[in-house]
2 protein chains.
Amino acid sequence: MDERIREHAAVLVDWSARVESGDNVVLSVGPEAHELAVAVAEKLGERGANLLSTYSSGELSRAYLQAHDDEFDENPAHELALYEEADVYLSLGGGRNMSATADVPGDTHTAHRRARQDIREARYETRWVSTLHPTRSLAQQANMAYEEYQDFAYDAILRDWESLADEMANMKALLDDGSEVRLVSSGTDLTMHIEGRTAVNSAASVEYDSHNLPSGEVFTAPTATEGEVTFDVPMTLRGDPVRNVRLEFADGEVVDYDAEQGADVIADILETDAGANRLGELGIGMNRGIDRYTDTILFDEKMGDTVHLALGRAYDACLPEGESGNDSAIHVDMITDMSDESRLEIDGKVVQRNGRFRWEDGFEAE
Amino acid sequence: MDERIREHAAVLVDWSARVESGDNVVLSVGPEAHELAVAVAEKLGERGANLLSTYSSGELSRAYLQAHDDEFDENPAHELALYEEADVYLSLGGGRNMSATADVPGDTHTAHRRARQDIREARYETRWVSTLHPTRSLAQQANMAYEEYQDFAYDAILRDWESLADEMANMKALLDDGSEVRLVSSGTDLTMHIEGRTAVNSAASVEYDSHNLPSGEVFTAPTATEGEVTFDVPMTLRGDPVRNVRLEFADGEVVDYDAEQGADVIADILETDAGANRLGELGIGMNRGIDRYTDTILFDEKMGDTVHLALGRAYDACLPEGESGNDSAIHVDMITDMSDESRLEIDGKVVQRNGRFRWEDGFEAE
């Protein structure tokens, strides 16, 4: 076994999920994530955790959903009970085909998702972490050779998370103390309010309210968005390519939009509900191990030199006690490159210019 | 997809487990049983059942068990809750390597098994069915080419179960009315009492108290075994080949044993507990779709022209209300060929001679 698979498992179990003896763990295994699952099982055995593995296959889901009449039972008791009694949920993504459910109608997905809200919430109450095993299918999505993709993925995953967390604490402090964020880049001049919000130092560990491995971003929940933004990082949304989406905001809401490609997908997203027209997240990518786009949001949104904004649901961790934040059935991230002719300001002070943070070498104050 | 996979799924879901709308189903998927799992998922969607898939991998188990200190928590709450809320449990066996756990110490297996008794019982209270997806690893175990093995397996699985159940009802009636069974074959002359016991017409359906697909046997729980028996069908027990095991019984207990190969495995089995020295099952194979030995007990013990006896635990379905039957932590089946110079008698009446049942063409009464 590639030693990096064992290291990935160790980071996931010890740093990310903080697994301890006696923890009841649900391990979700993608069909091509078998090797990582073996390494994680070994680590869980060492820790004295209790392991139940589930099988997460797009092909199985497709077969089930296509055959079903769409009248789904609400929160089936066996699955709900499993997550209610679980302490930790680890999702090891990795399938054979990123498009395995491409022909399942959107309405079916939505109906299935809606019927399982309590199950999802029970899962979010565990120490949950999502990661990906680098597969050939992900390599293909990234237009990369398999071995090249493995190197890329492990560079992103096997970081010194403690020291990245220390660096990201700078950004969190600036956001926590700040009132207004301004993003300026080609096709982008946007302001957002962040007063009273708490930024998350997303250092790939439940100890930091961070549930992705890799992570490496600082995010908060903005309001009162004004201006325009262009998402110039290419991506696939709901199976369709989207390019250069431009959104115009007034008083916190999207008032106009267009796109070079995929405008109909954006239209669908905006029509979901009222909250889909407002931002739920401003995230600042700070993982320098991620040096290129691979068309997988788990990696892309953490890339250094980028910021991302999400239409839809805000994360509770960012909100003041008792405030509910933007509510929506969706959370769709889109990414802007900040490496060139760009700046990020907090209350008028430049915090990042052309991809360099103010505490980094090469930062230009003016 | 091979149409036989879909037929296998249909038999499993509809005939074997009697799945209905709203059933909470746990589907256990072996790493190489993916295709069958897809077909079963489709069928479960059609029926409107609720699907949760678990992943059952020998390689994962090995990694976990090898790393663990053997102090296993009793009945982890998340897994117990899952089965307590389940209506149906379908196990789709199929791995890459029949010997995946060969180097896990027996004591570790035993400790893990012992800590999970409530989970096992909760699973046995569902409508549970075990089946196998014909894999290359099973083909290799059977010394058969893959395509040849597929033909063999589907011949065994895709029977006219209703008509086999009707035929097996003859045998069940004889056993239910009988008091004493005698087996005579080369190296075998054994008598057992079966008075007051109820035979199971094991027709591969929970409706018949039958939990294997394929099945095709009639079995009961004998007592007061006397005489000797030679198990001349070669098999692998706990990873080791055993050949021509001979057991001698007096007053229901094993008083002597030997074997051409694997005598130490038999010694280990007999030492487990007191019940391991008594019979828990007499089974009569009646599936004529199984025409050869493949070194997989699920198939071998159902073969027409064979009987099998199990050391250890008796099935509750065979016992009078309130009687507990032979109790043991184990249930180990071994098989005797009855096709030649053999007879099976009930209360002195020959019911099977040289592999022919008395209701079949070619049966010789004398």
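Residues numbered from 1 in each chain as written. Chains lettered and ligands numbered in written order. Predicted model: local features only at pLDDT ≥ 70, side-chain atom pairs only at ≥ 80, totals over all residues. Heavy atoms only, no water.

## Comments concerning the packing of helix α4 (residues 77-84) of chain A against helix α6 (residues 117-124) of chain A
Any two packed helices are characterised by the angle at which their axes cross and by the distance between the axes. Residues and elements named next belong to chain A. Under the convention used in this document: Angles run from 0 to 180 degrees between N-to-C directions of axes, and those axes are lines fitted to C-alpha atoms, restricted for helices to the stretch in contact. Numbering of helices and strands runs from the N terminus; a helix is a DSSP stretch of H or I covering at least four residues, while a strand is a stretch of E covering at least two. The cut-offs work like this: below 35 degrees is roughly parallel, past 145 is roughly antiparallel, 65 to 115 is roughly perpendicular, and the gaps in between are oblique. The crossing is said to be left-handed when, going from far helix to near helix, the turn is anticlockwise and less than a right angle, and right-handed when the turn is clockwise. Residue contacts are counted whenever heavy atoms from the two residues lie within 4.5 Å of one another. Gly is put with the polar residues, along with every residue not named as nonpolar or charged; the nonpolar set is Ala, Val, Leu, Ile, Met, Phe, Trp, Tyr, Cys and Pro, and the charged set is Asp, Glu, Lys and Arg.
Packing of α4 against α6 leaves a shortest axis separation of 8 Å and a crossing angle of 15°. Classified by the angle their axes make, α4 and α6 are roughly parallel. Considering only the axes of α4 and α6, their crossing is left-handed. Here Glu79, Leu80, Tyr83 and Glu84 of α4 lie close against α6, whose contacting residues are Asp118, Ile119, Ala122 and Arg123. Looking at side-chain class alone, the contact of α4 with α6 contains 4 nonpolar, no polar and 4 charged residues.

## Topic: the relation of the copies chain B and chain A
Condition: The copies were overlaid by least squares, fitting only the C-alpha atoms of residues that reach a pLDDT of 70 or more in each copy.
Between the two copies, chain B and chain A, the superposition gives an RMSD of 0.1 Å; the rotation angle is 180° and the shift along the axis is 0.0 Å. In short, the pair behaves as if placed about a two-fold rotation axis. Considering only C-alpha atoms, the part of chain B nearest the rotation axis is threonine 54 of chain B, at 1.9 Å. Comparing interface residues between copies, 100% of those in chain B also lie at the interface in chain A; the contact surface is shared.

## Structural notes on the domain arrangement of chain A
How big an interface is tends to be reported as the loss of accessible area on association of its parts. Residues and elements named next belong to chain A. For the record, the criterion: Domain segmentation is taken from an automatic or database assignment of domains. By convention, the term buried area covers the 1.4 Å-probe accessible surface removed from two parts as they join, with the contributions of both added. We define a salt bridge as a side-chain nitrogen of Lys or Arg found within 4 Å of a carboxyl oxygen belonging to Asp or Glu. Side-chain atoms alone can form a polar contact between residues adjacent in sequence; in general such a contact is a pair of N or O atoms within 3.5 Å, and within protein one must be able to donate a hydrogen while the other accepts it.
On domain assignment, one finds that chain A holds domain 1 (3-157) and domain 2 (161-357). The C-alpha-based centres of domain 1 and domain 2 are spaced at 24 Å. Contacts between the two partners involve 25 residues from domain 1, matched on the other side by 24 residues from domain 2. At the boundary of domain 1 with domain 2, total buried surface from both sides reaches about 2,100 Å², with 62% on carbon and sulfur atoms. Of the charged contacts, one joins arginine 292 and glutamate 148 as a salt bridge, the two residues approaching to 3.3 Å between their closest N and O atoms. On the surface where domain 1 and domain 2 come into contact, there are 14 residue pairs in polar contact (both at pLDDT 80 or more). Sorting the residues of the side of domain 1 that touches domain 2 by element identifies α1 (3-16), β4 (127-132), α7 (136-141) and α8 (146-157) as the ones contributing at least two each. Top element by residues in the side of domain 1 that touches domain 2 is α8. It accounts for 7 residues. Considering only residue class, the side of domain 1 that touches domain 2 consists of 15 nonpolar, 5 polar and 5 charged.

## Remarks on the interface of chain B and chain A
Taken residue by residue, the interface counts 39 residues in chain B and 39 residues in chain A. Note on chain B versus chain A: buried area summed over both sides is about 3,400 Å², and carbon and sulfur give 66% of it. Counting the contacts that link chain B with chain A gives 0 salt bridges. The interface formed by chain B and chain A contains 14 residue pairs in polar contact (both at pLDDT 80 or more). Sorting the residues of the side of chain B that touches chain A by element identifies β1 (24-29), α2 (34-47), β2 (50-55), α3 (58-67) and α4 (77-84) of chain B as the ones contributing at least two each.

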